[in-house]
Amino acid sequence: MASTIKLGGSLATGAFASFRHAPLVNLAASVSLHRSLRRSLRRPSAALCASSDDDRFTVLVADELGEAGLDILRDFAEVDHAVDLAPEELCARIGGCDALIVGSEMKVSGDVFGCSRGRLKVVGIAGGGINNVNLAASNENRCLVVNAPNASGSAVAEHAIALLTAMARNNVQAAVSVKSGNWQRKKYVGMSLSGKTLAVLGFVEVGFDVAQRAKGLGMHVIAYDPYASGHLARAIGVELVTFDKAIANADFISLHMHYTPATQKMLNDETFAKMKKGVQILNVTHGGLIDEDALVRALDSGIVSRAAVDVLIEEPPPKDHKLVQHEKVIVTPNLGDVTFEAQEQLSIEIAEAVIKALEGDLPSTVVNEPMVAAEVLAELKPFLDLTINLGRFAVKLIAGRGGFKAVKVTYASAREPDQLDTKLLRAGVIKGLIEPISSVIVNWVNGDSVAKQRGLRITEERITLPGSPEYPLEFLQVQIASVESRFDGALSTSGDIEVRGQVRDGLPFLTKVGNFEVDVRLEGCILLCRAIDQPGLIGKIGSVLGEANVNIGFMKYMRTAVDSEKFQSMISIKVDDQPTKETLKKIGEIAAILEFVFLDV
């Protein structure tokens, strides 16, 4: 029996944590607690203060923070504001704190959580990053981690436009020349922006704001973003195009893509070669989006006439950095969000997120694992791993830079519908689908909204199977519709990418790809080969990998009838290390191999 489940269903999975102390309370109690705290912010209830002799929370602010945010915190809690703490000083102070706020540079290690002895319930990162906090340790110690990703968008967009105009008109180089005693008007002839084409790569958040401002300067704006809203683009007169069309037709290119493995060094020798001669490059997003050595070569050859960057791969850069020293390049020291207004707004955002968490609510900017009932999370943990890995595997099968809009998730279970809430499982699938192609952190609080913001429609189907309801899921299936696949064998009869998995002995396994049965642990390095069934094939593949010193951890050969006389095989191989391009090329050259794909899950 199959039934369709409405997206955004029950939240009955577990309860919110009372973040002041270890025991969990149910949702109704949490809401009641939240309301009582609202009535008496200056004196939290005695129950919440069980971990302290004081009657107020204590928040350690270990970095510079705007006064607006500090004032909000002081109205709610005792604030210990101490910057430039050494690691040992932070550990010494943390045992007396309920919350910690840091910037993007201070490291919050596992030792910090250990020294808190269970009292620390919230860590706030004053910025959009998360890499400086040990998330595994925060989960083990039942501590929420929140950040503030939304405060600086307008400031970054303004800085992008400032660099765009300065780059087009040679403002920085001309100013330096005048200060050196020169007056060279003819040397610094610029380019008008009006009527020129700006390609915005990444049309959400800052990219959208830059496009709006560029339209105000009279520019023709095109944008590439596989997950952008066509409605929003049309509303401001922006044309959504393919990646290749965007870079081929642009006079100016502004980068606003999230930094992911798929976008790392997306501007490189190959992509520069496709651009219009004399194009100008702007990057205020992430240094890793550009191959800096390739950009220097493009500048020297004249493919790129000028560049302006606010971010670099290495910050601060060495003094002899070729890109920084190039006469046609403007470099600023990561100033995108460095305005008084942006820093104040950031301080407000992180202060409010930390207070909300201390009150017992879950802010939408939570970046670590869900704080649900321990027994519920313990049961679902292996299945959450399956949902994340299956989503990650499925999205990596999509060819090129194309986006996806429709995903169907099928749950097969012997449990009754009211005994299996799918919200956590759905959030796991969304996490696996979105995080490899975006910098956003997906959790059970924001999963549905993240999907909606990217125009991703999630439908769910439940298949009720006979048997024991001992296990939450018999299998989980993910289908991605209307996309091209890197691996034709992953396409179902309907033409969708389709993958299926299940949990065995607490571990995630891939059990079906397209119409082919497979059997391989769904983690690490996986090689799938679709081949004509013939003797000696497995030995040939093994020999290629062995000669390359790539160890095979597991190999499974599944045979499928194509017609009454012909058979195809699907070979799933788990390897310990990533094969080189040359090794993969040799596998593809084996005569019986029809296609193969290597994925690192």
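Just so you know, these numbers come straight off a predicted model, no measurement behind them.

Draft legend 1. Quick look at the sheet that holds strand β4 (residues 99-102). If you trace the five strands from one edge of the open sheet to the other, you get β3-β2-β4-β5-β6, paired in parallel fashion. Whereas interior strands pair on both sides, the edge strands pair on one side only; in this sheet they are β3 (78-81) and β6 (144-147). Looking at each pair of strands side by side, their axes are set apart by 20° on average, direction ignored. Direction of pairing for strand β2 (residues 58-61) relative to β3: parallel, over a ladder of four bridges. Looking at β3, one finds that Leu 60 is bridged to Asp 80. Relative to β2, helix α3 (residues 87-94) is tilted by about 170°, and along the sheet it contacts β2, β3 and β4.

Draft legend 2. Structural detail: the pattern of salt bridges. Taken as a whole, this structure holds 20 salt bridges when the rule is applied. The partner of Asp 244 in a salt bridge is Lys 274, with the nearest N and O atoms 3.6 Å apart. Here Lys 274 lies in the loop between α11 (269-272) and β11 (279-283) and Asp 244 lies in helix α10 (residues 243-249), a separation of 30 residues in the sequence. Of the residues examined, Asp 244 reaches a relative accessible area of 40% and is grouped as partly exposed.

Draft legend 3. A look at the packing of aromatic side chains. Using the criterion set out here, one finds three aromatic pairs in the structure. Between the aromatic rings of Phe 203 and Phe 208, the centroid separation amounts to 5.4 Å while the plane-to-plane angle is 65°, which identifies the pairing as edge-to-face. Using a relative accessible area of 18% as the deciding quantity, one classes Phe 208 as buried. Relative to Phe 243, the ring of Tyr 224 has its centre 5.5 Å away and its plane inclined at 75°; by these criteria the two rings are edge-to-face. Of this pair, Tyr 224 sits in strand β8 (residues 220-224) while Phe 243 sits in helix α10, and the two are 19 residues apart along the sequence. The same class applies to Tyr 224 and to Phe 243, which are both buried. In this structure, Arg 504 packs its charged tip against the face of Phe 509, placed 4.8 Å from the ring centre. Here the basic side chain of Arg 559 rests over the ring of Phe 567, its NZ or CZ set 4.0 Å away from the ring centre.

Draft legend 4. Quick look at the pairing of β11. Counting buried positions along β11 gives five out of five residues, so the element sits mostly inside the fold. Neither face of β11 is open: one carries Val 279, Ile 281 and Asn 283, the other Gln 280 and Leu 282, and all of them are buried. Where strand β10 (residues 252-255) and β11 come together, four bridges link them in parallel fashion. Residue pairing in the sheet places Phe 252 in a bridge with Gln 280 of β11. Each parallel crossover has a hand, and for β11 linked through helix α12 (residues 292-301) to strand β12 (residues 304-309) it is right-handed.

Draft legend 5. Highlighting unusual backbone geometry. Glu 315 connects to Pro 316 through a cis peptide bond whose omega is -10°. Phi is positive for Asn 334, close to 55°, though the residue is something other than glycine. Assignment of secondary structure puts Asn 334 in the loop between β13 (329-331) and α14 (340-358). In the Ramachandran plot, Asp 505 falls in the positive-phi region, its phi being about 55° despite a non-glycine side chain. Looking at the secondary structure, you find Asp 505 in the loop between β17 (497-504) and β18 (507-513).

Draft legend 6. Expanded view of the sheet that holds strand β20 (residues 525-532). The four strands are arranged β21-β22-β20-β23 in an open sheet whose pairing can be described as antiparallel. Pairing within the sheet leaves two strands with one partner each, and these edge strands are β21 (552-561) and β23 (593-600). Looking at each pair of strands side by side, their axes are set apart by 15° on average, direction ignored. The pairing of β21 with strand β22 (residues 567-575) spans nine bridges and is classified as antiparallel. For Lys 556, the partnering residue across the bridge sits in β22 and is Ser 572. Each of β20 and β23 touches helix α19 (residues 581-588); the most contacted strand, β23, lies at about 150° to it.

Draft legend 7. Structural detail: the environment of Asn 446. Of note, Asn 446 is situated in the loop between α16 (423-434) and α17 (447-453). Here Asn 446 falls in the buried class, since its relative accessible area comes to 7%. Those residues in contact with Asn 446, other than ones at most four positions away along the chain, are Ser 364 and Ile 441.

Draft legend 8. Spotlight on the confidence of the model for the protein chain. Within the protein chain, residue pLDDT values average 86, and 89% of them lie at 70 or more. For residues 1-53, every residue scores under 50 in pLDDT, and the model assigns this stretch 111 contacts once sequence neighbours within four places are set aside.

Draft legend 9. Structural context of the side chain of Asn 170. As for its placement among the helices and strands, Asn 170 is situated in the loop between α6 (153-169) and α7 (171-179). For Asn 170, a relative accessible area of 7% puts it in the buried group. In this structure, Asn 170 is in contact with Tyr 188, Val 189, Gly 190 and Arg 306, ignoring residues within four places of it in sequence.

How each quantity is defined
Residues numbered from 1 in each chain as written. Predicted model: local features only at pLDDT ≥ 70, side-chain atom pairs only at ≥ 80, totals over all residues. Heavy atoms only, no water. Pairing = 2+ DSSP bridges. Helix = DSSP H or I, 4+ residues; strand = E, 2+ residues; numbered from the N terminus. Axes fitted to C-alpha atoms, helices over the stretch in contact; angles between N-to-C directions. Contact = heavy atoms within 4.5 Å. Salt bridge = Lys/Arg side-chain N within 4 Å of Asp/Glu carboxyl O. Buried < 20%, exposed > 50% of the residue type's maximum accessible area, 1.4 Å probe, protein only. Phe/Tyr/Trp six-rings, centres within 6.5 Å; stacked < 30°, edge-to-face > 60°. Lys NZ or Arg CZ within 6 Å of the ring centre and 35° of its normal. Right-handed = clockwise from strand over helix to strand, strands pointing away. pLDDT = per-residue confidence, 0-100.

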